[in-house]
Amino acid sequence: MSQPYSKKIAGYAVCCISALAVVTFSQMSQADAASMTFSVTGTNSASNNALASSVVFDDLLNPGKLTVTLTNMKNVSVPSDVLTSVFWDYAGSPLNLSLISATAATVTQKTPSTTTNNVNLLNTPNGKEWAFASTTNSAGLSGITQDYGLGTAGLGIFQGLGGQQQFNYGIIDGYNANANPAIKGGSFVDNSATFVLSGLPTNFDISKIGSVRFQYGTNLSEPSIIKAQGNYYSPPPPPPKQVPEPETTAALGLFAVGALKVVRKKSLVVA
């Protein structure tokens, strides 16, 4: 076989092997991405108001990063109705995470009535209003048992937060008719905030997130609700047209192997 022809066959083989590798990698990446949702309900004994919140952990929206969406689904009357932090554990090797983004679609104030859209919670007029904390201490963060957390109130855990009112930029879903002056004059995230944490390891398993604590108010002694286990969701695989059938994948592999054997055999004959 001529040298140019040999190179041509080898080129086809390399191309097929590359395609096979790309397909396999794509299938693995899609299968590993998922989300965990934790939802809680309860009652604030100080206000007799119902409490309801949720948090979604997702490693699909921003590959290589953990996206956390925290939501309060109830109106508020007093500061201890305001959702101010969320904490969680990870049943795996310690994670070295960093908060790189914290945003709210809307921040609201009742008196005077103001609304601000697309707010960067790491850079408000008062400075940084939400922070991330973590520990490798087996006892957990100060005053609680969880190792990771996001919060707008200091709680003796979060550092470098701006503003004088610790509940400011906490999350609410509206105001009750009997909301007190502190609530009416505060600035709050309306409904939900989204956070992005970088530093996920390649072997991160989102199903290992658990023991999620929802904290309300500005003191750890105020209402909190713990949800041990969440709901795991993994998106369905892509449509069949985007992924070669097993027979096609096998044929690509067999063609690559056969082509390489032909090149080797012809090379030996020429030699």
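Placed above this text is the structure.
Everything numeric in this text was worked out from a predicted model, so none of it was measured.

Enquirer: Would you mind going over the side chain of Asp147 with me for this structure?
Expert: The topology assignment puts Asp147 in the loop between strand 7 (131-134) and strand 8 (148-151). Despite its burial, Asp147 pairs with no opposite charge, the nearest such side chain being Arg213 at 12 Å. Apart from residues no more than four positions distant in its own chain, Asp147 is found in contact with Trp88, Asp89, Ala133, Ser134, Thr135, Asn137, Gly140 and Leu141.

Enquirer: Honestly, the side chain of Thr108 in this entry has me stumped. Any pointers?
Expert: With respect to the secondary-structure elements, Thr108 resides in strand 5 (residues 98-109). The buried category is assigned to Thr108, whose relative accessible area is 15%. With residues up to four places along the chain from it excluded, the contact list for Thr108 reads Thr114, Thr115, Ile172, Tyr175, Gly186, Ser187, Phe188 and Asp190.

Enquirer: Can you help me understand the packing of aromatic side chains in this one?
Expert: Aromatic ring pairs are defined here through the distance separating the ring centres and the angle between the ring planes. According to the stated counting rule, one finds eight aromatic pairs in the structure shown. Ring plane angle 15 degrees and centroid distance 5.2 Å describe the contact between Tyr90 and Phe204, whose orientation is recorded as stacked. A residue pair is termed long-range when its members are at least 10 positions apart, and Tyr90 in strand 4 (residues 83-90) and Phe204 in the loop between strand 11 (192-198) and strand 12 (209-216) qualify at 114 residues. Comparing Tyr90 with Phe204 shows no difference in burial state: the two are buried. Between Phe167 and Phe188, the ring centres sit 5.8 Å apart and the planes meet at 15 degrees, which makes this aromatic pair stacked. Taken together, the residues span a long stretch of sequence, with Phe167 in the loop between strand 8 and strand 9 (171-172) and Phe188 in strand 10 (residues 188-190) at a distance of 21 residues. Each member of the pair, Phe167 together with Phe188, is buried. An aromatic cluster is built from Phe38, Phe57, Trp88, Phe132 and Tyr148, whose rings are joined through pairwise contacts.

Cut-offs applied
Residues numbered from 1 in each chain as written. Predicted model: local features only at pLDDT ≥ 70, side-chain atom pairs only at ≥ 80, totals over all residues. Heavy atoms only, no water. Helix = DSSP H or I, 4+ residues; strand = E, 2+ residues; numbered from the N terminus. Buried < 20%, exposed > 50% of the residue type's maximum accessible area, 1.4 Å probe, protein only. Lys, Arg positive; Asp, Glu negative; His and termini not counted. Salt bridge = Lys/Arg side-chain N within 4 Å of Asp/Glu carboxyl O. Contact = heavy atoms within 4.5 Å. Phe/Tyr/Trp six-rings, centres within 6.5 Å; stacked < 30°, edge-to-face > 60°.

The quantities given are spatial measurements derived from coordinates; they are silent on function.
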